[in-house]
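Residue-level listing of the chains:
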Amino acid sequence: MNDEEVFIGGVTRAWLRARSQNERYAVWKRAKALHSAEGNHLARAIELLGLPYAEPEPLDQGDELFERMRALMDEPRARAAAVEATLDGLPAMAGIDVLMHEELGETYRRNEAAVPTAQRLTAELMQRLGYAEAGSKDLPARCVARTGVYWRRGPR
């Protein structure tokens, strides 16, 4: 394998090795979505690296970080952050992500399963509040998560 082979977008194997599992997954997903020979070539190179590139599963109940995240989501300020982000036209996750990072710091940012867990907990919160999914949007650059579900008020 040639480490310096340059794929579509200037990606190299060395660059891919330096990325997180989530970042590799995002690159793999975009490459597959191109439906081109170059995209398929990059996706196959990611698969052959032998490094994880799938989107991680959320944390299990009982995990210490999961319990800390659940407790944080039960606080009124989590509800306020999610609703405020939604009213600002952003995914609720934009408010929750900032809150998680402020409270949990590096533990949240460095755990591959923390973002999917936060997304799941946010979805549960928004559904309890009577919101319905209305699509997906990119999050602001300051967020650990890259995308989130956009919510709208559900029918009464």
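These figures come from a predicted structure and were not determined experimentally.

1. Thoughts on the packing of helix α4 (residues 64-73) against helix α6 (residues 92-104)
How two helices sit against one another is set out by the angle between their axes and by the gap between those axes.
Moving on, step 1. Here α4 crosses α6 at 120°, and the two axes come no closer than 11 Å. Comparing their axes, α6 and α4 come out oblique. In this structure, the crossing between α4 and α6 has a hand that is right-handed. Across the interface between the two elements, L65, R68, M69, L72 and M73 of α4 pack against I96, L99, M100, E103 and L104 of α6.
Moving on, step 2. A class-by-class count of the residues in the contact of α4 with α6 yields eight nonpolar, no polar and two charged.

2. Observations concerning the layout of surface pockets
Moving on, step 1. Taken as a whole, the largest pocket holds about 800 Å³ of empty space.
Moving on, step 2. Along the wall of the largest pocket there are 24 residues; nearest its centre are N22, E23, A26, V144 and R146.
Moving on, step 3. Among the elements of the structure, α2 (21-33), α7 (106-110) and α8 (114-128) are those that each provide at least two residues to the lining of the largest pocket.
Moving on, step 4. Considering every element that reaches the lining of the largest pocket, the biggest residue donor is α2, with seven residues.
Moving on, step 5. For the lining of the largest pocket, a count of residues per class yields ten nonpolar, five polar and nine charged.

3. Regarding the nonpolar core
Moving on, step 1. Ranked by internal contacts, the top residues of the largest apolar core, which has 32 residues, are M69, M73, M93, I96, M100, Y108 and M126.
Moving on, step 2. Contributing elements (two or more residues each) for this core: α4, α5 (76-87), α6 and α8.
Moving on, step 3. Aside from chain neighbours lying at most four places away, what touches M73 is A78, I96, M100, L121, T122 and L125.

4. Overview of the packing of aromatic side chains
Moving on, step 1. This model, assessed by the stated rule, comprises two aromatic pairs.
Moving on, step 2. Centroid distance Y25 to W28: 6.0 Å. Interplanar angle 25°. Geometry classified as stacked. You can see Y25 and its partner W28 sitting in helix α2, three residues apart, about one turn around the helix. Judged on exposure class, the residue Y25 and its partner W28 are both buried.
Moving on, step 3. Taking the centre distance of 5.4 Å and the plane angle of 45° together, the rings of W28 and Y53 count as tilted. Residue W28 is found in helix α2, and its partner Y53 is found in the loop between α3 (37-48) and α4; the two are separated by 25 residues along the sequence.
Moving on, step 4. Judged by relative accessible area, which is 22%, Y53 ranks as partly exposed.
Moving on, step 5. In this arrangement the basic side chain of K137 is found over the ring face of Y150, its NZ or CZ atom lying 4.2 Å from the centre.

5. As for the confidence of the model for the protein chain
Moving on, step 1. Across the protein chain, the average pLDDT comes to 91, with 99% of residues at or above 70.
Moving on, step 2. Averaged pLDDT values for the elements of the protein chain fall to 86 in α2 and rise to 97 in α5.

6. What to know about α8
Moving on, step 1. Its 15 residues place the ends of α8 21 Å apart at the C-alpha level, agreeing with the 21 Å of an ideal helix rising 1.5 Å per residue.
Moving on, step 2. What α8 keeps buried is the set A114, V115, P116, T117, A118, L121, T122, A123, L125 and M126.
Moving on, step 3. Where α8 ends, the next residue or the one after it, G130, has phi of about 90°, a positive value.

What counts and how
- Residues numbered from 1 in each chain as written.
- Predicted model: local features only at pLDDT ≥ 70, side-chain atom pairs only at ≥ 80, totals over all residues.
- Heavy atoms only, no water.
- Axes fitted to C-alpha atoms, helices over the stretch in contact; angles between N-to-C directions.
- Helix = DSSP H or I, 4+ residues; strand = E, 2+ residues; numbered from the N terminus.
- Parallel < 35°, antiparallel > 145°, perpendicular 65-115°, else oblique.
- Left-handed = near helix turned anticlockwise from the far one by under 90°.
- Contact = heavy atoms within 4.5 Å.
- Nonpolar A, V, L, I, M, F, W, Y, C, P; charged D, E, K, R; others polar.
- 1 Å grid on protein atoms, 1.4 Å probe; cavity = no way out; pocket = protein on both sides within 12 Å on 5 of 7 lines; lining within 4 Å.
- Points joined across faces, edges and corners; volume = space filled by probe spheres on them.
- Core = buried A, V, L, I, M, F, W, Y, C linked by side-chain atoms within 4.5 Å.
- Buried < 20%, exposed > 50% of the residue type's maximum accessible area, 1.4 Å probe, protein only.
- Phe/Tyr/Trp six-rings, centres within 6.5 Å; stacked < 30°, edge-to-face > 60°.
- Lys NZ or Arg CZ within 6 Å of the ring centre and 35° of its normal.
- pLDDT = per-residue confidence, 0-100.
- Expected span 1.5 Å × (residues − 1).

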